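# Secondary and tertiary structure notes
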Amino acid sequence: MSEFYNQSLRVRGGTGFADAIFRVNASPGEYSKRLGKNLFERLGVKEYFDLFNTDTFFLITKDDKPIIVKSYHFVELKRQEGVHAFEEWLEKEIKDLMC
C-alpha cells in the first residue's frame, strides 16, 4: 500500500488487548477485510456478500454486483470517529441493502 496513514489519529480501544493492537496497527486494507468478513459472518450474510481489496479501495458485492466502493481514506476517517465506527457504518449499510 503506497499511501501513508497516521496511526496517531486512530481512536484507541477494542474488546481486548489483541483486538486493540490490531485496530491501531492494521493497514486500512487488512482492517476493512477482517472486520467486514467478521461482520458478514456475524450477520449470517456471507453467502450474499463478498469483500475485495485493492491497493486503494475496498469493494463489497452482492450477488456478484458491486454495491459499495469506498477508499481507504474513508476507512481511516471512520477509524478516527470511534473504535467501532467502521463496523457500525458497514452494518447499517448491509442491513439497509437486505431490506
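Structure shown above.
Residues numbered from 1 in each chain as written. Predicted model: local features only at pLDDT ≥ 70, side-chain atom pairs only at ≥ 80, totals over all residues. Heavy atoms only, no water.

## Focus on the overall build of the protein chain
Scanning the protein chain from N- to C-terminus turns up four helices and three strands. Secondary structure of the protein chain in N-to-C order comes out as α-α-β-β-β-α-α. For the protein chain, whose C-alpha radius of gyration is 13 Å, the value lies close to the compact-globule estimate of 13 Å for 99 residues. Dimensions of the protein chain, computed from C-alpha atoms along their principal axes, come out at roughly 35 × 30 × 20 Å. Across the protein chain, every contact between residues at least 6 apart in sequence was considered, and the portion connecting residues at least 24 apart equals 47%. Counting every atom, the protein chain has about 5900 Å² of accessible surface; 53% of that belongs to carbon and sulfur. When the 15 basic and 16 acidic side-chain charges of the protein chain are each reduced to a single mean position, those positions are 2 Å apart. (Helix = DSSP H or I, 4+ residues; strand = E, 2+ residues; numbered from the N terminus. Rg over C-alpha atoms; globule rule 2.2 N^0.38 Å. Contact = heavy atoms within 4.5 Å. Areas by Shrake-Rupley, 256 points an atom, 1.4 Å probe, with all protein chains shown as cover. Lys, Arg positive; Asp, Glu negative; His and termini not counted. Charge placed at Lys NZ, Arg CZ, Asp CG, Glu CD.)

## Looking at helix α2 (residues 28-43)
Taking 1.5 Å of rise per residue, 16 residues should cover 22 Å, and α2 covers 22 Å from first to last C-alpha, within 8% of that figure. Of all the residues in α2, the buried ones are Pro 28, Gly 29, Tyr 31, Ser 32, Leu 35, Gly 36, Leu 39 and Phe 40. The buried side chains of α2 occupy one side of the element, clustering within an arc of 155 degrees when seen end-on. In α2, the exposed positions angled more than 90 degrees off the buried face are occupied by Glu 41 and Arg 42. With its phi angle positive at about 70 degrees, Gly 44 sits one or two positions after the end of α2. (Expected span 1.5 Å × (residues − 1). Buried < 20%, exposed > 50% of the residue type's maximum accessible area, 1.4 Å probe, protein only. Arc of directions from axis to C-beta.)

## What about the pairing of strand β2 (residues 57-62)?
Looking along a regular strand, one sees the side chains alternate between the two faces of the sheet. Direction of pairing for strand β1 (residues 49-53) relative to β2: antiparallel, over a ladder of five bridges. The partner of Asn 53 across the bridge, within β2, is Phe 58. Between β1 and β2, which pair antiparallel one after the other, the connecting turn spans three residues. Across six bridges, β2 lies against strand β3 (residues 65-71) in antiparallel orientation. (Pairing = 2+ DSSP bridges.)

## Some points on the side chain of Arg 23
Mapped onto the fold, Arg 23 is located in helix α1 (residues 17-25). In this structure Arg 23 comes out as buried when scored by relative accessible area, which is 6%. Leaving out residues up to four positions away in the same chain, Arg 23 has contacts with Arg 10, Gly 13, Gly 14, Tyr 31, Leu 35, Arg 79, Val 83, His 84 and Glu 87.

## Brief notes about the nonpolar core
As a rule of thumb, soluble globular proteins bury nonpolar side chains together. The biggest cluster of nonpolar side chains holds 20 residues, and the ones touching the most others in it are Phe 58, Ile 60, Phe 86 and Leu 90. Elements with a contribution of two residues or more to this core: α2, β1, β2, α3 (72-81) and α4 (85-98). (Core = buried A, V, L, I, M, F, W, Y, C linked by side-chain atoms within 4.5 Å.)

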